[in-house]
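# Residue-level structural notes
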Amino acid sequence: KSLRAGTQNVAGAVGLAEAFMCAKKDRENEFTRLSELKKYFLLQLREKISDFEINQIGKESIPSIVNICIPKLDSEFAVVALSKEGLETSAASACEGSKGKGYSYVIAETPKKDECSSSSIRISFGKYTKKGDIDSAVKIIVKVVKNLR
């Protein structure tokens, strides 16, 4: 086969460059906003479920994801029950979930890996997540945890 030159997608390249500029401009504000939402989520959840652990290596973590271990909770059942209530979560990270372990390398590095490997759920926040969404999520998580424990 021989290859021949084609027309470059100039409009696509310009659009991509503009998207990068917008993302760069909003990055710091979004990082701060998501960090505050994550902190708010954890404080609200701690008031209702005092015995959960945060699965994290070191002190720093990405603000848009929180992975928590709730003792005596089967995370696979919890993910299904949460989904039925309208809250989408996962029991493992996308890159680790299909490898058969059922838990992420973060959980493997925690002191309570044996207990948390089957009791952890992962919640993500995004650009459109608001404080009201956090309040709703906490209510749903508390309800499901009470029903499944």
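Every value quoted in this text rests on a predicted model; they were computed, and no experiment measured them.

## Remarks on the pattern of salt bridges
Inspection of the entire model under this criterion finds three salt bridges. Residue Arg33 pairs with Glu30 through a salt bridge whose shortest N-O separation is 2.8 Å. With Arg33 and Glu30 both in helix 1 (residues 10-48) and three residues apart, this pair spans about one turn of that helix. Judged by its relative accessible area of 24%, Arg33 is partly exposed. Where Glu85 meets Lys143, a salt bridge forms, and the shortest distance between an N and an O atom there is 3.3 Å. A residue pair is termed long-range when its members are at least 10 positions apart, and Glu85 in the loop between helix 2 (75-84) and helix 3 (94-97) and Lys143 in helix 6 (residues 131-148) qualify at 58 residues. When its relative accessible area of 36% is taken as the criterion, Glu85 is described as partly exposed.

## A short note on unusual backbone geometry
Even without being a glycine, Lys72 presents a positive backbone phi close to 65 degrees. You can see Lys72 is positioned in the loop between strand 2 (65-69) and helix 2.

## Section: the state of the cysteines
This structure, assessed with the given rule, holds one disulfide. With a sulfur-sulfur separation of 2.3 Å, Cys69 is cross-linked through a disulfide to Cys116. Taking the sign of the S-S torsion, about -90 degrees here, the bridge from Cys69 to Cys116 comes out left-handed. Highlighted residues: Cys69 in strand 2 and Cys116 in helix 5 (residues 113-116), separated in sequence by 47 residues. Judged by its relative accessible area of 2%, Cys116 falls in the buried class.

## A closer look at the side chain of Asn55
Along the polypeptide, Asn55 turns up in the loop between strand 1 (53-54) and strand 2. In terms of polar contacts, Asn55 uses its side chain to reach the side chain of Asn67, at 2.7 Å. Polar contacts involving the side chain of Asn55 include one to the side chain of Ser120, which spans 2.8 Å. In contact with Asn55, not counting residues within four places along its chain, are Asn67, Ile68, Cys69, Val106, Ile107, Thr110, Cys116 and Ser120.

## Digging into the packing of aromatic side chains
Using the criterion set out here, one finds one aromatic pair in the structure. Summarising the aromatic geometry, the rings of Phe41 and Phe125 are spaced 5.6 Å apart at their centres and angled 65 degrees between planes, so their arrangement reads as edge-to-face. One end of the pair, Phe41, is in helix 1; the other, Phe125, is in the loop between strand 3 (120-124) and helix 6, with 84 residues separating them in the sequence. Here Phe125 falls in the buried class, since its relative accessible area comes to 8%. Arg46 extends its terminal NZ or CZ atom over the ring of Phe52, reaching a point 3.8 Å from the ring centre. Residue placement shows Lys131 over the ring face of Tyr40; its charged tip is 4.6 Å from the ring centre.

## Side note on the sheet that holds strand 1
Reading across the sheet, the three strands line up as 1-2-3 and stay open at both edges, with antiparallel pairing between neighbours. The sheet is open, and its two borders are formed by strand 1 and strand 3, each paired with just one other strand. Where strand 1 and strand 2 come together, two bridges link them in antiparallel fashion. Bridged to Ile54 within strand 2 is Ile68. With respect to the sheet, helix 1 is in contact with strand 1, strand 2 and strand 3, its orientation differing from that of strand 2 by roughly 20 degrees.

Cut-offs applied
Residues numbered from 1 in each chain as written. Predicted model: local features only at pLDDT ≥ 70, side-chain atom pairs only at ≥ 80, totals over all residues. Heavy atoms only, no water. Salt bridge = Lys/Arg side-chain N within 4 Å of Asp/Glu carboxyl O. Helix = DSSP H or I, 4+ residues; strand = E, 2+ residues; numbered from the N terminus. Buried < 20%, exposed > 50% of the residue type's maximum accessible area, 1.4 Å probe, protein only. Disulfide = S-S within 2.5 Å. Polar contact = N/O pair within 3.5 Å; in protein donor to acceptor, adjacent residues only side chain to side chain. Contact = heavy atoms within 4.5 Å. Phe/Tyr/Trp six-rings, centres within 6.5 Å; stacked < 30°, edge-to-face > 60°. Lys NZ or Arg CZ within 6 Å of the ring centre and 35° of its normal. Pairing = 2+ DSSP bridges. Axes fitted to C-alpha atoms, helices over the stretch in contact; angles between N-to-C directions.

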